[in-house]
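Each chain, written out:
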Amino acid sequence: MLSYNHGYHAGNQADVLKHICLLQAYKSLKKHYKSISYIDTHAGSGKYYFNNNFMLKNKEYEDGIYKVKDYKYENQSIKYYLKILRNINNSNKLSFYPGSPSIMSFVTDKFDKLSFYEIHNYQYEFLRKNLSKKINAKIYKKDGFDFLNQSINNKEKTLVLIDPSYETKDDFEKIINILKKIEEKFDNLTALIWYPVINITDNDLFIEKIRKIGSNKITRIELPIKK
């Protein structure tokens, strides 16, 4: 079993960008579809308290959510994201950072269907507890890379967040293979792929493999960070 725990990184700049994009993708699709089927392939526990030992170890949230939590300018995507975070916390002061399961279970409605995959034992148990009152959510203790094996109705609009740990390099190849299958079989599925920019050469090769799949509906967003 891999040892990854998202608590070390929750609320960092990557989470901020990812969740802003996720919320905007859902809002955009919801304008056109009454019902969205949402799939989260590597869900985590759903909540990350700032006073938790995992969070305190590296304090990555200080370069992420803490940089924007008092945002006062005009970008509507950022303002909406912060509003959702405060509403989930039920306070203007954030005591925990909500992961994608908490965010999506909060913004979706009764017409949407939610599927969350988490293979790590303790994160799976925390996720079940955190989403215990969500009647439209199903939680699977399975490898999220296998989500295409579940019954996906191609007549329904599906939004998938694929956000693995990339602890092993074959995660990148798994992403490529999944995107190939999506391009071949699922024309009503929108996938958001999160990936780390570890080094420029490997990153360029990864993006080039995605381009070679041949889809003409790809948006690439990267966030360079200054020290």
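Counting of residues starts from 1 at the beginning of each chain's written sequence and follows it residue by residue. Given that the model is predicted, a residue must reach a pLDDT of at least 70 before its local features are reported, and side-chain atom pairs must reach 80 or more before they are shown or counted; all residues, however, enter totals for whole chains, interfaces and linings. As a convention, hydrogens and water are excluded, and side-chain values are obtained from all of the structure's heavy atoms.

Q: Please clarify how the overall build of the chain should be interpreted in this entry.
A: Counting its regular elements, the chain contains 8 helices and 7 strands. Note on method: radius of gyration uses C-alpha positions; expected globular size equals 2.2 Å times residues raised to 0.38. Relative to the compact-globule value of 17 Å for 227 residues, the chain shows a C-alpha radius of gyration of 17 Å, a close match. Along the first, second and third principal axes, the C-alpha atoms of the chain reach 45 × 45 × 40 Å. Buried residues in the chain amount to 43% of all 227 residues. Long-range pairs, those at least 24 residues apart, make up 73% of the contacts in the chain with a sequence separation of at least 6. When the accessible surface of the chain is summed, it comes to about 13400 Å², and 50% of that surface belongs to carbon and sulfur atoms. Charge assignment in this entry is limited to Lys and Arg as positive and Asp and Glu as negative, and neither His nor the chain termini are counted. Working definition for charges: the position is that of NZ of Lys, CZ of Arg, CG of Asp or CD of Glu. Put simply, the chain has 38 plus and 26 minus side-chain charges, and the middle of one group is 7 Å from the middle of the other. The secondary structure listing takes helices from DSSP runs of H or I that are at least 4 residues long and strands from runs of E that are at least 2 residues long, numbered from the N terminus. Each residue's exposure class comes from its accessible area (1.4 Å probe, protein chains only) as a fraction of the maximum for that residue type: buried when under 20%, exposed when over 50%, partly exposed otherwise. Here, residues are in contact when the closest pair of their heavy atoms is within 4.5 Å. Using the Shrake-Rupley algorithm and a 1.4 Å probe, accessible areas are obtained, with residue cover drawn only from the displayed protein chains.

Q: Before we go on, may I ask you to explain the pairing of strand S1 (residues 36–40) in this structure?
A: One face of the sheet, then the other: side chains in a regular strand alternate in exactly this way. Counted residue by residue, S1 has 5 buried out of 5 residues, so it is predominantly covered. A two-sided burial pattern is seen for S1, the buried positions comprising Ile36, Tyr38 and Asp40 on one face and Ser37 and Ile39 on the other. A pair of strands is treated as paired once DSSP finds two or more bridges between them. As judged from the 5 bridges shared by S1 and strand S6 (residues 157–162), these two strands associate in the parallel manner. Residue pairing across strands places isoleucine 39 opposite valine 160, the latter belonging to S6. One ladder, built from 4 bridges, connects S1 with strand S4 (residues 113–117); its direction is parallel.

Q: How do you make sense of the packing of helix H1 (residues 13–30) against helix H4 (residues 76–89) when you look at a structure like this?
A: Helices that pack against each other are described as a pair by the angle of their axes relative to one another and the distance between those axes. Only C-alpha atoms enter the line fits that serve as axes; for helices the fit covers just the stretch in contact. Angles between N-to-C directions range over 0 to 180 degrees. At their nearest, the axes of H1 and H4 sit 10 Å apart, and the two run at 100° to each other. Comparing the axis directions of H1 and H4 gives the class roughly perpendicular. Only Ser77, Ile78, Tyr80, Tyr81 and Ile84 of H4 make contact with H1, whose side of the interface consists of Val16, His19, Ile20, Leu23, Gln24 and Lys27. Under the convention adopted here, Pro, Cys and the residues Ala, Val, Leu, Ile, Met, Phe, Trp and Tyr are nonpolar, Asp, Glu, Lys and Arg are charged, and Gly plus all remaining residues are polar. Its residues placed into classes, the contact of H1 with H4 shows 7 nonpolar, 3 polar and 1 charged. Working rule for angles: under 35 degrees goes down as roughly parallel, over 145 as roughly antiparallel, 65 to 115 as roughly perpendicular, anything else as oblique.

Q: Quick question: what am I supposed to make of the sheet that holds S6 here?
A: Two pairing modes exist for strands in a sheet, parallel and antiparallel, and in both the strands are linked by backbone hydrogen bonds. With parallel pairing, the 5 strands of this open sheet are ordered in space as S5-S4-S1-S6-S7. Single-partner strands in this sheet number two, and they are strand S5 (137–140) and strand S7 (189–193). Averaged over neighbouring strand pairs, the angle between their axes works out to 15° when direction is ignored. Across the face of the sheet, H1 comes into contact with S1, S6 and S7 while running at roughly 175° to S6.

Q: Before we go on, may I ask you to explain the nonpolar core in this structure?
A: Most often, soluble globular proteins keep nonpolar side chains buried together rather than apart. Throughout, nonpolar core names a set of buried Ala, Val, Leu, Ile, Met, Phe, Trp, Tyr and Cys residues whose side chains join them through atoms within 4.5 Å. Tyr38, Ile65, Tyr81, Phe116 and Leu159 are the most contacted members of the largest nonpolar core, which totals 37 residues. Going through the elements one at a time, H1, S1, helix H3 (65–68), H4, strand S3 (96–98), helix H5 (100–107), S4 and S6 are the ones with two or more residues in this core. Top element by residues in this core is H1. It accounts for 7 residues. Contacts of leucine 159, omitting those with residues within four sequence positions, involve Leu22, Ala25, Tyr26, Leu29, Ile36, Ser37, Tyr38, Ile39, Met104, Thr190 and Leu192. Counting 21 residues, the second largest nonpolar core, distinct from the first, contains Leu148, Val160, Tyr166 and Ile210.

Q: I keep staring at the packing of aromatic side chains and nothing clicks. Help me out?
A: Each pair of aromatic rings taken from Phe, Tyr and Trp, with Trp reduced to its six-membered ring, is defined by centres within 6.5 Å and is described as stacked if the planes are under 30 degrees apart, edge-to-face if over 60, and tilted in the remaining cases. All chains considered together, the criterion is met by 12 aromatic pairs. Seen from their ring centres, phenylalanine 50 and tyrosine 61 are 5.0 Å apart, and the 70° between their planes marks the pair as edge-to-face. One end of the pair, phenylalanine 50, is in the loop between strand S2 (47–49) and helix H2 (53–58); the other, tyrosine 61, is in the loop between H2 and H3, with 11 residues separating them in the sequence. For the pair phenylalanine 50 and tyrosine 61, a shared accessibility class is recorded, and that class is buried. Ring geometry for tyrosine 61 and tyrosine 66: centres 5.0 Å apart, planes at 65°, overall edge-to-face. A relative accessible area of 34% means that tyrosine 66 is categorised as partly exposed.

Q: Looking at this structure, how should I read the pattern of salt bridges?
A: Side chains that differ in charge, positive against negative, can pair when their charged atoms come close. Basic side-chain nitrogens of Lys or Arg form a salt bridge, by our definition, when they fall within 4 Å of a carboxyl oxygen of Asp or Glu. Evaluated as defined, the whole model comprises 10 salt bridges. The salt bridge partner of lysine 30 is aspartate 109, with a shortest N-O separation of 3.2 Å. With lysine 30 in helix H1 and aspartate 109 in the loop between H5 and S4, this residue pair connects regions lying 79 residues apart in the sequence. One salt-bridge network, in which partners are shared between bridges, spans Asp15, Lys18 and Asp163.

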